[in-house]
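The lines below spell out each chain.
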Amino acid sequence: MDSSPKLTSPDEDDDFAAFDDAVAGDARDPYPELNQARRDTPVQQIDMSGMPHEEGQEVFFVYRYDDVFKVLRDGETFSSGQIIELIMGDIMGEHIMLGMDNPEHGRYRALVQLAFRQKTLAKWETDLVELTANELIDRFAGRGSADLVPEFTFPFPTKIIAGLLGLPAEDARQFQKWSTAILNFHTKREQAIEASREVQEYLVDILADRRANPREDIISDLARAELDGERLTDDEIYSFVRLLMPAGIETTFRSTGNMLFSLLSNPDQLEAVRNDRSLVAQTIEEAIRFETPLLNITRVATRDTEISGTKIPKGSTLLLMLASANRDDERYPDEPDTFDIHRPDPKPHIGFGSGSHVCIGMHLARLEMRTALNLLLDRLPNLRLDPGGDDPHIRGQVFRSPTSLPVLFDQ
């Protein structure tokens, strides 16, 4: 739209690996260490001696599934709001949903989740999700080879989020840049704050237009959503979009890449899915369990408590190790470190979190992953890893996914 701020044109030759280095890190296999810690010290206090911290502000890693699940389900004892306000308040604004506790979180979530119900998303499946996937595949389908990360999994959710929000498709790469800057707040905080400011500037006129002239998009839905006579303020909507951009782009592109890498690395399972699409749903869940895209999330203890016999003082920070919980052999006794879409008696994973803060976009993520897998198998016959590719692998110590996924297919 003409009233939108002029965006700096991103370099089309941006190095994806450099982006991933900045956000994810290069850890190849954290699981042996996570497994050992889970067995030896399932609730592990970090030595803070020599580090500046206030009394009671201790740090604990929580590794076991049952303990992580318990913390996530107890929002009164383990707060989201305190930690988000502390580390991201100046970036995301005071209305970030991740940083709210009940009852405020319940009100806000009830307003925004209307746009993410399965019934609502169904209308976007053909006209947006499938269309976007096919447009990306069109670019390389006649070539016989591709690198699925920069050519498919990375741009795919960005274009979906842009479409859901009703924003110009040509701005998608700018959304990626803003998302990258926001996610990299630990090392480049000023850039993250600037990106957040630019997002709000970009949205001001768009939101005003949607309030006056609603369309079929999420910004319009948010602008007119009402609960008990209350509507979201402009600042609340800005904060939600700031969250949706990195959350909806980052974790979904990594989940899709992890799923494709895991299948391509296990050709027998890939062939099973190719021949029986009823296996797609369990493939998605196993992929998220096996390679959780976000390894940990954080909570703060609101009072003195304990977890599995370990005393947790009020004010302590807890890092909940989702990746460890999803490979806990007490919950998944049948070779949890193996990718297996035929897993007997599969149990739900915790990759989307749990409790009141369970991922609001999980239905969208599953829709995107399902669409991506089905269309890639439909349109790329004999899809397989390129044996001449440069050692594709999953990496990352906070976020995990492959940086490269070179494939061959028949034309």
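Scope of this entry: the structure provided in the associated data block. (Residues numbered from 1 in each chain as written. Predicted model: local features only at pLDDT ≥ 70, side-chain atom pairs only at ≥ 80, totals over all residues. Heavy atoms only, no water.)

For the protein, the helix and strand inventory stands at 17 helices and 14 strands. A total of 411 residues make up the protein; the buried ones form 53% of that total. Pairs at least 24 apart in sequence give 74% of the contacts found in the protein among residues at least 6 apart. As displayed, the protein has an accessible area near 18,300 Å², and 49% of this comes from carbon and sulfur atoms. (Helix = DSSP H or I, 4+ residues; strand = E, 2+ residues; numbered from the N terminus. Buried < 20%, exposed > 50% of the residue type's maximum accessible area, 1.4 Å probe, protein only. Contact = heavy atoms within 4.5 Å. Areas by Shrake-Rupley, 256 points an atom, 1.4 Å probe, with all protein chains shown as cover.)

Quick look at the pattern of salt bridges now. Counted by the stated rule, this structure contains 26 salt bridges. Note that R39 is salt-bridged to D329, the shortest N-O span being 3.3 Å. One end of the pair, R39, is in helix 2 (residues 31-40); the other, D329, is in the loop between helix 16 (322-325) and helix 17 (362-379), and 290 residues separate them in sequence. According to the relative accessible area criterion, D329 is partly exposed, its value standing at 31%. A cluster of three or more residues bridged by salt bridges with shared partners is formed by D209, R210, R215 and D217. (Salt bridge = Lys/Arg side-chain N within 4 Å of Asp/Glu carboxyl O.)

Taken together, five strands build an open sheet; the order of strands is 1-2-10-7-3 and the sheet is mixed. Two strands in the sheet have a free side with no partner beyond their single neighbour: strand 1 (43-45) and strand 3 (78-79). Relative to strand 7 (residues 296-301), strand 3 runs antiparallel, the two being bridged by two bridges. In the strand pairing of strand 7, F78 is matched with A301. Contacting strand 1, strand 2 (59-62), strand 3, strand 7 and strand 10 (317-321), helix 3 (residues 65-73) crosses the sheet at an angle of about 125 degrees to strand 10. (Pairing = 2+ DSSP bridges. Axes fitted to C-alpha atoms, helices over the stretch in contact; angles between N-to-C directions.)

Our next topic: the pairing of strand 7. The element strand 7 is extensively covered by neighbouring structure, given that five of its six residues are classed as buried. Pairing analysis gives five bridges linking strand 7 to strand 10, with the strands arranged antiparallel. Bridged to T298 within strand 10 is L319.

Note on sheets: strands pair through backbone hydrogen bonds, and any given pair is parallel or antiparallel. Reading across from one edge, 4-14-11 is the order of the three strands in this open sheet, with antiparallel pairing throughout. Each edge of the open sheet carries a strand with a single partner, namely strand 4 (145-147) and strand 11 (384-385). In this sheet, strand 14 (residues 406-408) lies alongside strand 4 in antiparallel orientation, the contact comprising three bridges. The partner of S145 across the bridge, within strand 14, is L408.

Between helix 7 (residues 124-138) and helix 9 (residues 155-165), whose axes approach to 10 Å, the crossing angle comes to 145 degrees. Handedness of the helix 7/helix 9 crossing: right-handed. Here helix 7 contributes W124, L128, V129, T132, A133 and L136 to the contact with helix 9, which in turn contributes P155, F156, K159, I160, G163 and L164. Here the residues of the contact of helix 7 with helix 9 are counted per class, giving nine nonpolar, two polar and one charged. (Left-handed = near helix turned anticlockwise from the far one by under 90°. Nonpolar A, V, L, I, M, F, W, Y, C, P; charged D, E, K, R; others polar.)

With that settled, the discussion passes to helix 17. With 18 residues, helix 17 should cover 26 Å at 1.5 Å per step; its first-to-last C-alpha distance of 26 Å lies within 8% of that length. Among the 18 residues in helix 17, 13 count as buried, and that is most of the element. (Expected span 1.5 Å × (residues − 1).)

So, about the environment of P336. Relative to the assigned elements, P336 resides in the loop between helix 16 and helix 17. What makes P336 buried here is its relative accessible area of 11%. Expressed as a C-alpha distance, the spacing of P336 and N326, which sit ten residues apart in the sequence, is 8.0 Å. Look past the residues within four positions of P336 in its chain and what remains in contact with it is R289, F290, R327, D329 and R343.

The next thing to look at is the nonpolar core. Membership of the largest hydrophobic core comes to 77 residues, with the highest contact counts inside it found for F140, L148, F152 and L376. Take this core: its biggest share by element is twelve residues, from helix 13 (residues 234-264). For L148, the contacting residues outside a window of four places in its chain are F140, T153, L260, L376, L405 and V407. Core analysis: the second largest hydrophobic core is formed by 18 residues, Y65, F78, I312 and L322 among them. (Core = buried A, V, L, I, M, F, W, Y, C linked by side-chain atoms within 4.5 Å.)

Our next topic: the packing of aromatic side chains. Scanning all chains against the criterion turns up eight aromatic pairs. Among the aromatic residues, ring-to-ring pairing joins Y65, F69 and Y332 into one connected group. Looking at R327, its charged tip hangs above the ring of Y31, at a distance of 3.5 Å from the centre. Lying over the aromatic face of F290, R327 brings its terminal NZ or CZ to 4.2 Å of the ring centre. (Phe/Tyr/Trp six-rings, centres within 6.5 Å; stacked < 30°, edge-to-face > 60°. Lys NZ or Arg CZ within 6 Å of the ring centre and 35° of its normal.)

Packed helices, taken two at a time, are described by the angle between their axes plus the distance between the axes. It is at 10 Å that the axes of helix 13 and helix 17 come closest, and there the two elements cross at 40 degrees. Between helix 13 and helix 17, the angle falls in the class oblique. In terms of crossing hand, the pair formed by helix 13 and helix 17 is right-handed. On helix 17, the residues that touch T252, S255, T256, M259, L260 and L263 of helix 13 are A365, E368, M369, A372, L373 and L376. (Parallel < 35°, antiparallel > 145°, perpendicular 65-115°, else oblique.)

Look at E335: it is not a glycine, yet its phi comes out positive at around 50 degrees. Checked against the element boundaries, E335 lands in the loop between helix 16 and helix 17. Located in the positive-phi region is D391, a residue other than glycine, with phi close to 45 degrees. Within the secondary structure, D391 is located in the loop between strand 11 and strand 12 (394-395). Judged by its relative accessible area of 43%, D391 falls in the partly exposed class.

All we've got here are geometric facts, nothing functional implied.
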